[in-house]
Amino acid sequence: MKYVRQFFIILLVSLAGETLHCLTPAPIPASVYGLVLLFLCLEFKAIRVEAIAELSSFFLVLLPLTLVPLTVGLIDSLEVLQKVLVPALILGVLGTILTSLAAGGAAEWAVRRRERRGK
Amino acid sequence: MTTFWDAVATILRENGYLSLTLTVGGYLLALALQRRYKSTLFNPVLIALFLTLVGLKLFEIDYESYRRDAAPLTFLVTPTTICLAVPLYRQFELVRRNWLAVLSACVVGTLVNVLLVWLVARAFQLEYAEYMTFLSKSITMAIGVGITEEYGGYVAITCAIITIAGVTGNMCGSYFLKKSGILSPMAQGLAIGVCSHAFGTARALELGETEGAFSGLAIALTGVCTVLVAPAASLLPL
């Protein structure tokens, strides 16, 4: 019963996220609404973290696996990329690494700045 | 004899469980390889993709049937992403104290992304629709598709480039970060989430709970930042 209840809670949040997604014009997906919603529920003690602990750990382990079918879909859509293949690869690979380094550099700077101030 | 094996192959091919079994089996094998060789080159998602493709070829399953049969896994993307709220909740004290790091990573990441896409679009003389399509490359697919549709881009290309960015971030995100002296778990998590959404976050979760929490947070914030910046980016001259 414990696991069924955990599954029910996560489905309920997914349902709420999907509903919000359909109700609002902004291109914010159900998963982002759901993530924020679940976080708020946990933070304001509407849901105790123990009430979803086991199943959420299991789902987080599954996360990479759920993405595999989407990457298989990529191979199917390779044709549409042909016309813009070179810029797509430059941006997808090099651009991703550069963006990551810029964001990481900014975050590292802010973390060290806070540590220096000893807060 | 051949007719017997042909019959077996047909039964397997028309079996809805084959696609799922191939995918989960491929991923399991990929995890075992990664554990054995402990190298970032043995990326589970990428190897699982490769093994699944080999399986599809072997059993002559077309992508259309694969997509239909693997739908239960795709259906789980939303509930599993939502569960990122749990590490975020557990690490929230750390997030609160490092709000500046969170904000600067997402804002800098979003702006650098726009700049890079604009530069490449100019260098390759891309059309406006292609430029707007590439703009969403770092963010989660559902937001990216929304932006692309709004500005008349090509949705199929958006999905492709988002996947390429995701696999890149998942594969070598942490390697380049460490080489560049970006060492704190918070900065690493943010950097991975900003550039490669849920795919990267899957890797960040392997690094640790702090990395996973910050990476998950970065998905949501970078997505929203990109939505906010897109109108201004659409006005840049090509």
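Just so we're clear, the structure is a prediction, and the values are computed from it rather than from any experiment. (Residues numbered from 1 in each chain as written. Chains lettered and ligands numbered in written order. Predicted model: local features only at pLDDT ≥ 70, side-chain atom pairs only at ≥ 80, totals over all residues.)

> Got a minute to help me understand unusual backbone geometry in this structure?
Most of the time, phi is negative for any residue but glycine, and the peptide bond is trans. You will see that lysine 45 of chain A, though not glycine, has its phi angle at about 60°, which is positive. For lysine 45 of chain A, a count of 8 C-beta atoms within 10 Å translates into the label exposed. For histidine 197 of chain B, which is not glycine, the phi dihedral falls at a positive 35°. Residue histidine 197 of chain B is classed as buried on the basis of its C-beta count, with 33 C-beta atoms lying within 10 Å. (Buried ≥ 20, exposed ≤ 12 C-beta atoms within 10 Å, placed from the backbone.)

> Would you mind going over the domain arrangement of chain A with me for this structure?
Each assigned domain of chain A is listed with its residue range as follows: domain 1 (1–73) and domain 2 (77–119). Relative to domain 2 of chain A, the C-alpha centre of domain 1 of chain A lies at a distance of 26 Å. (Domains from an automatic or database assignment.)

> What's the story with the interface of chain A and chain B in this structure? I'm lost.
By a widespread convention, an interface's size corresponds to the accessible area lost as its parts come together. Counting residues at the interface gives 67 residues for chain A and 90 residues for chain B. Secondary structure elements with two or more residues in the side of chain A that touches chain B: helix 1 (2–23), helix 2 (30–43), helix 3 (53–76), helix 4 (78–81) and helix 5 (85–116) of chain A. Of the residues that constitute the side of chain A that touches chain B, the class distribution is 47 nonpolar, 16 polar and four charged. (Contact = placed C-beta atoms within 7 Å. Helix = DSSP H or I, 4+ residues; strand = E, 2+ residues; numbered from the N terminus. Nonpolar A, V, L, I, M, F, W, Y, C, P; charged D, E, K, R; others polar.)

> I'm lost on the packing of helix 3 of chain A against helix 2 (residues 17–37) of chain B in this one. Help?
Helix-helix packing is described using two parameters, namely the angle between the two axes and the distance between the axes. Where helix 3 of chain A contacts helix 2 of chain B, the two axes come as close as 10 Å, and the packing angle between them is 120°. In this view, helix 3 of chain A runs oblique relative to helix 2 of chain B, as classed from their interaxial angle. Relative to helix 2 of chain B, helix 3 of chain A is oriented so that their crossing is right-handed. Mapping the contact onto sequence places Leu65, Val68 and Pro69 of chain A in helix 3 of chain A and Thr23, Val24 and Tyr27 of chain B in helix 2 of chain B. (Axes fitted to C-alpha atoms, helices over the stretch in contact; angles between N-to-C directions. Parallel < 35°, antiparallel > 145°, perpendicular 65-115°, else oblique. Left-handed = near helix turned anticlockwise from the far one by under 90°.)

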